[in-house]
Amino acid sequence: MEEIQSQSDNYRSSSSSASSPASRVPSSNFFYLRKPGSLRQPISFEDSPDWGDTDIDVRVDEGGDSINVATTPASPSLSKLNSMSLPSPPLPEGAAVARKIAGASVVWKDLTVTIKGKRKYSDKVVKSSTGYALPGTMTVIMGPPKSGKSTLLRAIAGRLHHSAKMYGEVFVNGAKIQMPYGSYGFVERETTLIGSLTVREFLYYSALLQLPGFFCRKKSVVEDAIIAMSLSDYANKLIGGHCYMKGLPSGERRRVSIARELVMRPHILFIDEPLYHLDSVSALLMMVTLKKLASMGCTLIFTICQSSTEVFGLFDRICLLSNGNTLFFGETLACLQHFSNAGFPCPIMQSPSDHFLRAINTDFDRIIAMCKNWQDDNGDFSSVNMDTAVAIRTLEATYKSSADAATVETMILRLTEKEGPLLKSKGKAGSATRIAVLTWRSLLIMSREWKYYWLRLILSMLLALCIGTVFSGLGHSLSSVVTRVAAIFIFVSFTALLSIAGVPALMKEIKICASEESNQHSGVLVFLFGQLLSSIPFLFLISISSSLVFYFLLGLRDEFSLLMYFTLNFFMCLLVNEGLVLAVVSLWRDLFWSVLTLVSIQVIMMLSAGYFRIRNELPGPVWTYPISYVTFHTYSIQARRLTHGLLENEYLGTTFAVGQVRTISGFQAIRSAYEISPDSNSKWGNLLAVSCLPWDLPIGLALLPFDL
């Protein structure tokens, strides 16, 4: 205790010298104090109170549902502000007003989260945290990096990872229940948006995925979300830009990700780091927008690492964490007084959030060690002389014995003693509707994203042109059979290999699918079906254009029905490979491993397609029954069916002269080298078998993790 007292006295002396009246200078306006629930008015440092002369009384109003902070300010201007005598700025004429949202109270009591280690749940990320959030307010969870902010937020929202275990209770409107679908929204720190869509299109497709009902109702919901997040000026702009046009700034992108959750009109909104990667102007605009959203009635709970003074002044309540320990919970003004009572008053020229993190961030100890022997123009580094471990213990002990902790306990008892209205689950869009929406959205994305299929179309045309010119002028003699079969095999195999070029663009879609899946907006199977259906028009265009170039350059049989079968067979080959790419990428969700797996499978398909050796001559233990039966063996069979179908289409019904008097059929010419059927209708059976594979394998691979 003597060490704690000496550290506190040392820091108090350095802080008081910085905050003495003689050292105050006029400065820019900051938002220090306000009446709870009202917008802040700028208060200069000349009007800021001296914490030593300010009495703070935290109490619960009789018959109310919030905690008010009664202050005795040191200047008349503060009294005028807190009495709400200052007028609010009027709304401009014609301004759109967003609809009110029915919020919900959230209480977490003795919440502890442990992470599963090598043997058992050992690491406590959050330790006995207690707090609450009320409708129409912003509750912020603040702390240094790796202090448990995001874990606590996920624990309250019921979205912890399966490796984490939670102890304690979470109440919503006084009832201990799991928050149903549609009653809350959760915005991740890293959100993926679709750059080829406009803001309005992106939100509209999100509404179609989330909400049941009519299209006109969803349009009105989208417009409400745009108004609520102040995105009207960007509604018709592409999120990622186009050609030489820049996309949306980071602040607007962040607001779009929040607006996506608002289309459900949630009662509670959880946001993980809303100011992530934002500059000071974008951060202030974001918080003003969230403050406006809270004034509509929504309950906002979010995490934040650090903020400016203006942003800090917009918070209603703060939960301060360090190493999983709750150092304070209550009104923002009471937090300043709490630090002052513990012996760490905030210097007058320092942002409150900077001061809080300076006191509780253990990383500053390394700075102290580095600066221990340094000196600047004013002497030694007295302002960084505080031991953070001592400060954390002091703040935690002071809070547990303070009136703030008792007031929070009283408030929690009042919020949990009687159950309020239960939150009801909102209806979901049907699976068929989601597949249709994802198909149409993917079609729009693919048509605008040139790296998706337009690049593959150009590459396929160039490949067909190269192969066709290399193997042109073969003639129709018996000696040309082997060369023509080789040309067909190379064309089909290499064009199918080009499907890997679409993996980088598909990875973006996978990230969007993962984000929508975490919020129950979509699912893996729905995404796979929608993506495969949307690829059909582009694959058909690639197959027609490439087949026409290759078919006539190679000099294949000049019959329309044979040309159509060749094109259809080639289209099914591309569709099979597209289903394979979708399944592999959705499993790995990693660019390197997806490409490596796809190249390996393609090589195995080429080796076992029947061109190098027929099926009956392949070694049985390795190739007939490989370990990965579903992936390799099934696809090898279908690769042979594709090859045999093309050969049957070209050579059945033809004859070749052997010498001057003898002729042999096309079947006799290739049956010894390639295992084909003499039946002219067998090629349609091969095509039918191949057409089933694109729909079966993605489902099997998508469900493989659940089977394991």
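All figures in this text were calculated on a predicted structure; none of them were measured in a lab.

Trainee: How should empty space enclosed by the protein be read in this particular structure?
Mentor: Over the atoms, a rolled probe matching the size of one water molecule traces out where space is still vacant. Under the counting rule described, the total for this entry stands at nine cavities of 30 Å³ or more. If you go around the second largest cavity, you meet 13 residues; those closest to its centre are Tyr-181, Tyr-184, Glu-261, Asn-519 and His-521. With three residues, strand 7 (residues 184-187) is the single largest residue contributor to the lining of the second largest cavity. Grouping the constituent residues of the lining of the second largest cavity by class yields four nonpolar, seven polar and two charged. For the lining of the second largest cavity, the two domains that each supply at least three residues are domain 1 (106-183 + 266-374 + 385-417) and domain 2 (431-703).

Trainee: Mind showing me how you'd approach the UniProt feature "transmembrane region" (unreviewed entry) in the chain here?
Mentor: Following the UniProt record, the feature "transmembrane region" (unreviewed entry) maps to residues 453-474, 486-507, 527-554, 566-585 and 591-612 here. Each end of residues 453-474 is marked by a C-alpha atom, and these two atoms are 32 Å apart; helix forms 82% of the span and strand 0%. Taken end to end, residues 566-585 is 100% helix and 0% strand, and its two terminal C-alpha atoms sit 29 Å from one another.

Trainee: I'm lost on helix 7 (residues 280-295) in this one. Help?
Mentor: Taking 1.5 Å per residue as the helical rise, helix 7 with its 16 residues ought to reach 22 Å, and the 22 Å between its terminal C-alpha atoms agrees with that figure. The complete set of buried residues in helix 7 reads Ser-282, Ala-283, Met-286, Met-287, Thr-289, Leu-290, Lys-291, Leu-293 and Ala-294.

Trainee: Just checking my understanding: could you explain the environment of Lys-124 for this structure?
Mentor: One can find Lys-124 in strand 4 (residues 121-133). The residues touching Lys-124, leaving out its near neighbours within four places in the chain, are Thr-112, Val-113 and Thr-114.

Trainee: What is the right way to look at a nonpolar patch on the surface in this model?
Mentor: A surface patch of nonpolar side chains, amounting to about 540 Å² of accessible area, comprises Phe-540, Ile-544, Leu-548, Phe-552, Leu-568 and Trp-684. It is helix 18 (residues 524-554) that provides the largest number of residues to the nonpolar patch, a total of four residues. Looking at where Phe-552 falls in the secondary structure, it is placed in helix 18. What makes Phe-552 partly exposed here is its relative accessible area of 48%.

Trainee: I would appreciate a short explanation of the nonpolar core in the present structure.
Mentor: Buried together is how nonpolar side chains tend to be arranged in soluble globular proteins. Membership of the largest hydrophobic core comes to 164 residues, with the highest contact counts inside it found for Ile-268, Phe-270, Leu-290, Leu-293, Phe-315 and Phe-550. Tallying contributions element by element places helix 19 (residues 560-588) first for this core, with 15 residues. When residues are assigned to domains, this core turns out to be shared by domain 1 (106-183 + 266-374 + 385-417) and domain 2 (431-703), each giving three or more. For Ile-268, the residues in contact, after removing those within four places along its chain, are Ala-104, Val-106, Val-172, Met-179, Ser-183, Tyr-184, Gly-185, Cys-298, Thr-299, Ile-301 and Leu-423. By size, the runner-up hydrophobic cluster in this structure holds eight residues, among which are Val-485, Ile-664, Ala-669 and Ile-670.

Trainee: Even after reading the chapter, I still don't get helix 12 (residues 388-400), so can you show me in this structure?
Mentor: The α-helix advances 3.6 residues per turn, and as a result positions three or four apart in sequence lie on the same side. The end-to-end C-alpha distance of helix 12 is 18 Å, a good match for the 18 Å that 13 residues give at a rise of 1.5 Å each. Looking at helix 12, one finds that the buried residues are Thr-388, Val-390, Ala-391, Ile-392, Thr-394, Leu-395, Glu-396 and Tyr-399.

The rules behind each value
Residues numbered from 1 in each chain as written. Predicted model: local features only at pLDDT ≥ 70, side-chain atom pairs only at ≥ 80, totals over all residues. Heavy atoms only, no water. 1 Å grid on protein atoms, 1.4 Å probe; cavity = no way out; pocket = protein on both sides within 12 Å on 5 of 7 lines; lining within 4 Å. Points joined across faces, edges and corners; volume = space filled by probe spheres on them. Helix = DSSP H or I, 4+ residues; strand = E, 2+ residues; numbered from the N terminus. Nonpolar A, V, L, I, M, F, W, Y, C, P; charged D, E, K, R; others polar. Domains from an automatic or database assignment. UniProt positions renumbered as here; feature names shortened; annotations may be inferred. Expected span 1.5 Å × (residues − 1). Buried < 20%, exposed > 50% of the residue type's maximum accessible area, 1.4 Å probe, protein only. Contact = heavy atoms within 4.5 Å. Patch = residues over 30% accessible without salt bridge, like charges linked within 9 Å, V, L, I, M, F, W, Y side chains within 5 Å. Areas by Shrake-Rupley, 256 points an atom, 1.4 Å probe, with all protein chains shown as cover. Salt bridge = Lys/Arg side-chain N within 4 Å of Asp/Glu carboxyl O. Core = buried A, V, L, I, M, F, W, Y, C linked by side-chain atoms within 4.5 Å.

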